[in-house]
Amino acid sequence: MPQPGSSVSALLVFAAAASFALGAVAALAQPAREFVPVTDAMLQDPDPADWPMWRRTLDGWGYSPLDQVNRDNVGELQMAWSRALPQGTQEVTPLAYGGVVYMPTLTDIIQALDATNGDLVWEYRRDLPDDVYEFVGGNARSMRNIAIYDRQIINISDDDYAYALDVETGDVVWETQIFDYRETPAGHSSGPIIADGRVVSGRSCRPRGGPESCVVVAHDARTGEELWRRRTVPAPGEPGDDTWGGVPYERRVHVGSWIPASYDPELRLIFQGTSVTSPAPKFMLGGVENTRLYHNSTLALDVETGEIRWFYQHLNDHWDLDHPFERLLVDTAVAPDPDAVSWINPRVQPGEVRRVVTGIPGKTGVVYTLDRETGEFLWATPTVSQNVINGIDGATGAVTENAEVTFTALGQEVLACPTWAGGKDWEAGAYSPLTNTMYMPLRNTCARMLATDDVRSERARALTAGGQGGLEIYALAARHQITPGEDDLGTVYAVSAETGRTVWLHEQRAATMSVMTTGGGLVFGGDVNGRFRALDQETGAVLWEINLGSPVVGFPITYAVDGRQYVAVNTGAGGGINLRMTPELRPSVGSVLFVFALP
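Computed from a prediction, not measured in an experiment: that's the story for all the values here.

Time to look at the overall build of the chain. When helices and strands are counted, the chain shows five helices and 42 strands. Once the C-alpha set of the chain is aligned to its principal axes, its extents read approximately 65 × 55 × 50 Å. When burial is assessed residue by residue, the chain has 66% of its 599 residues classed as buried. Across the chain, every contact between residues at least 6 apart in sequence was considered, and the portion connecting residues at least 24 apart equals 63%. Only carbon and sulfur atoms are counted for the fraction: they give 47% of the accessible area of the chain, which is about 19,500 Å². Mean positive and mean negative side-chain charge positions of the chain (45 and 75 charges, respectively) differ by 4 Å.

Here's what the structure looks like:
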């Protein structure tokens, strides 16, 4: 195995024997299918039977055209097979391609499973250094997705490498160091996408890694050669430097890109979201008014060079209300309804078809729709209750934060809605072309928040009694609660991509998790109380439900083998703040991959 201290640009290629030393386990079963290498054309227009990336397609929809399971027969779904996973938080997405499910799990373990019965084909276990989690910390153990390209499964490791495995054996094909994790620790809570043969990945970049860890990186998918890296914070003299108000470069930290990007192959633009700074209250980081680019922004990156072609900042964030989540790329008529949409660009010509980037990119729960070629603001509107944004200038897209809840001094306490648990969080929403509607799992939350430089102080501990939240890296402590006036924590909002109207709203006590949509007119999603269900895309009616026992923390997918459609999702440990706000819910914490099909 390469030494962690080797050069960032070092490219090491290993033979199969070396990969066994890294943990590849000999094949125990092998589906009798000829493997067809994955091309860019296949990723840009996947076979309906496959789910070959995080949200199935590069536009981030989380939609499958499969319709064997539909509104009429979904009530007949039954267990096809299941498989236990390593115990722990398992916020992961299976890939399904060519009759095999490729399952990423904790601590760089990847399993290839027969997609019809769950039998193990091969398993890769990376030989991680004993001290790696002392440095990278955070959510590094939880890898949300992997990628497939050519004959390779591609991932980003907890010890800061990009690497590729042979799809049929699990043997290492190449690996390239991104950082020396001891010198520049940069967690990776999500994996890559493939954009025109490039492995594109972002970092969590916690403060210990400094500003150099806050990068989006592209590697050649066939060889592992690094092609470019783009920092998400400007250095002195670079565009955006002045937005940091004189804050020294080494303190410009934690502008992370910790959820996978979307990609438009026609515009050749990567759409990447970014996170809050550390600390979060901006009076502690150069002044309340400075915007500190490029935190809480959408970045449109040139796929060839990583150059920022345009950006839009969604929020000058004082409350850890990150905006790194999935971006939906949709071609749609744009006709925001003034009775339903709070902020509209006066130049919008109602009914004009635009190429947009839309969705709920951040924890505020606000829907933003932008022109994805230029970044022009088109419209935005809240969903769940929020009090951090006072307004958005329709003509410019400039956001005005609420001064009444903006921190200006240590010891200040405010009631902010939502909390850093969302609103929206990492759990992905989905879009359906059948309805031109996006479906978003959201939460009704608020919190008493305290700006503090010591989350262990007596006052902070009193505020967070019950373990509800002190985040040292953000200089915040909080007591979380369900939004006043609401009884239900969990929601799914169905919002028209054309008009911005809420088409329907599903409400429930338990916090909702990631969803997907299908050609059968269904929305599949789970919750922290272990329920996995299918909703009607048009009405929100619950058509099927099963209790899986533990929080449904995985991203659901669907695929087909030999004409039979399967629906897959996994459980794991999770719920955290959401379960503390609903203490009567007491799920177990088992990690299992469940797969369903019709009889």
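The next subject is the packing of aromatic side chains. A full pass over the atoms with the stated rule returns 20 aromatic pairs. Residues Phe-35 and Tyr-97 carry aromatic rings whose centres are separated by 5.4 Å and whose planes lie at 65 degrees to one another, so their mutual orientation is edge-to-face. You can see Phe-35 sitting in the loop between β2 (24–25) and α2 (40–44) and its partner Tyr-97 sitting in strand β5 (residues 95–97), a full 62 residues away along the chain. We note that Phe-35, like Tyr-97, is buried. A centroid spacing of 5.7 Å and a plane angle of 80 degrees characterise the contact between Phe-135 and Tyr-181, whose relative ring orientation is edge-to-face. With Phe-135 in helix α3 (residues 132–135) and Tyr-181 in the loop between β12 (172–177) and β13 (193–195), this pair connects stretches of sequence that are 46 residues apart. Note on accessibility: Phe-135 and Tyr-181 belong to one class, buried. Within the aromatic cluster, the residues linked to one another by ring pairs are Phe-524, Phe-532, Trp-544 and Phe-596. It is Arg-126 that lies over the ring of Tyr-163; its NZ or CZ is 4.9 Å from the centre.

Now for the state of the cysteines. Counted by the stated rule, this structure contains two disulfides. Disulfide partner of Cys-205: Cys-214, at an S-S distance of 2.4 Å. Taking the torsion about the sulfur-sulfur bond, which here is approximately 95 degrees, the covalent link between Cys-205 and Cys-214 counts as right-handed. Of the residues examined, Cys-214 reaches a relative accessible area of 1% and is grouped as buried.

A word on the side chain of Gln-565. You can see Gln-565 is positioned in strand β41 (residues 564–570). Looking at Gln-565, its side chain comes within polar contact range of the side chain of Thr-558, at 2.9 Å. Residues in contact with Gln-565, not counting those within four places in the same chain, are Leu-66, Asp-67, Gln-68, Val-69, Thr-558, Tyr-559, Ala-560, Phe-596 and Ala-597.

This part takes up the nonpolar core. One finds Trp-319, Tyr-368, Ile-389, Ile-392 and Met-449 to be the most contacted residues of the largest nonpolar core, which totals 53 residues. Of all hydrophobic cores here, the second largest spans 52 residues; its members include Ile-110, Ile-194, Ala-195 and Leu-299.

A few words now on the sheet that holds strand β18 (residues 269–273). Taken together, the four strands give an open sheet; going across it, the order is β17-β18-β19-β20, and neighbouring strands pair in antiparallel fashion. Whereas interior strands pair on both sides, the edge strands pair on one side only; in this sheet they are β17 (262–264) and β20 (308–313). Between one strand axis and the next, the sheet turns through 20 degrees on average, direction left out of account. Sheet topology places β17 next to β18; three bridges connect them, and they run antiparallel. Directly across from Tyr-263, in β18, lies its bridge partner Ile-270.

Turning to the confidence of the model for the chain, a few remarks are in order. Looking at the chain as a whole, the pLDDT averages 93, with 94% of positions reaching at least 70. Predicted confidence is poor over residues 1–22, with pLDDT under 50, and the contacts of this stretch with residues over four places away or in other chains come to 55 contacts.

We now examine the pairing of strand β15 (residues 215–220). Among the six residues in β15, five count as buried, and that is most of the element. Sheet analysis places strand β14 (residues 198–201) next to β15, joined by four bridges and oriented antiparallel. Paired with Val-199 across the bridge in β15 is His-219. Judged from the five bridges that link them, β15 and strand β16 (residues 226–231) form a sheet pairing that is antiparallel. Note on β16: the bridge partner recorded for Ala-218 is Trp-228. With antiparallel pairing between neighbouring strands as the criterion, β15 and β16 make up a hairpin whose turn holds five residues, including Gly-224 at a positive phi of roughly 90 degrees.

This next bit is on the sheet that holds strand β21 (residues 328–334). A sheet is described by the order of its strands in space; here five strands give the open sequence β21-β23-β24-β25-β22, paired in antiparallel fashion. Each end of this open sheet is capped by a strand with a single partner; those strands are β21 and β22 (343–344). Summarising the sheet, strand β24 (residues 367–371) and strand β25 (residues 377–381) pair through four bridges and their orientation is antiparallel. Residue Leu-370 lies in a different strand from β25, and its bridge partner there is Phe-377.

For the peptide bond that leads from Ser-278 to Pro-279, omega is -5 degrees, which places it in the cis range. For Pro-279, the location among the structural elements is in the loop between β18 and β19 (297–302). With an omega of 20 degrees, the peptide bond between Gly-422 and Gly-423 qualifies as cis. If you check the backbone angles, Asp-160 has positive phi at about 70 degrees while not being a glycine. Position of Asp-160 relative to the elements: it lies in the loop between β10 (152–156) and β11 (161–166).

The rules we used
The numbering scheme is per chain: residues are counted from 1 as the chain's sequence reads. Local features in this predicted model are restricted to residues whose pLDDT is 70 or higher, and side-chain atom pairs enter the listing and the counts only when it is 80 or higher, whereas totals over whole chains, interfaces and linings include all residues. Just so you know, side-chain values use all the structure's heavy atoms and leave hydrogens and water out. Numbering of helices and strands runs from the N terminus; a helix is a DSSP stretch of H or I covering at least four residues, while a strand is a stretch of E covering at least two. Each residue gets one of three labels from its accessible area relative to the maximum for its type: buried under 20%, exposed over 50%, partly exposed in between, using a 1.4 Å probe on protein chains only. Throughout, a contact is declared for two residues whenever any of their heavy atoms are within 4.5 Å. Here the Shrake-Rupley method, with its probe set to 1.4 Å, supplies the accessible areas, and only the displayed protein chains count as covering residues. Counted as positive: Lys and Arg. Counted as negative: Asp and Glu. His and the chain ends are not counted at all. To locate a charge, take NZ of a lysine, CZ of an arginine, CG of an aspartate or CD of a glutamate. For Phe, Tyr and Trp, rings pair up if their centres lie within 6.5 Å, where Trp contributes its six-membered ring, and each pair is then called stacked (planes under 30 degrees apart), edge-to-face (over 60) or tilted (otherwise). The criterion for a charge sitting over a ring is simple: Lys NZ or Arg CZ within 6 Å of the ring centre, and within 35 degrees of the ring normal. Any two cysteine sulfur atoms within 2.5 Å of one another count as a disulfide. Two N or O atoms count as a polar contact when they lie within 3.5 Å, although within protein this holds only if one can serve as hydrogen donor and the other as acceptor, and sequence-adjacent residues are included solely when both atoms are side-chain atoms. Buried residues of nine kinds, namely Ala, Val, Leu, Ile, Met, Phe, Trp, Tyr and Cys, make up a nonpolar core once their side-chain atoms join them within 4.5 Å. Here, strands pair whenever DSSP counts at least two bridges between them. Simply put, an axis is a line fit to the C-alpha atoms, just over the touching stretch for a helix, and the angle between two N-to-C directions goes from 0 to 180 degrees. Per-residue confidence from the predictor is reported as pLDDT, which spans 0 to 100.

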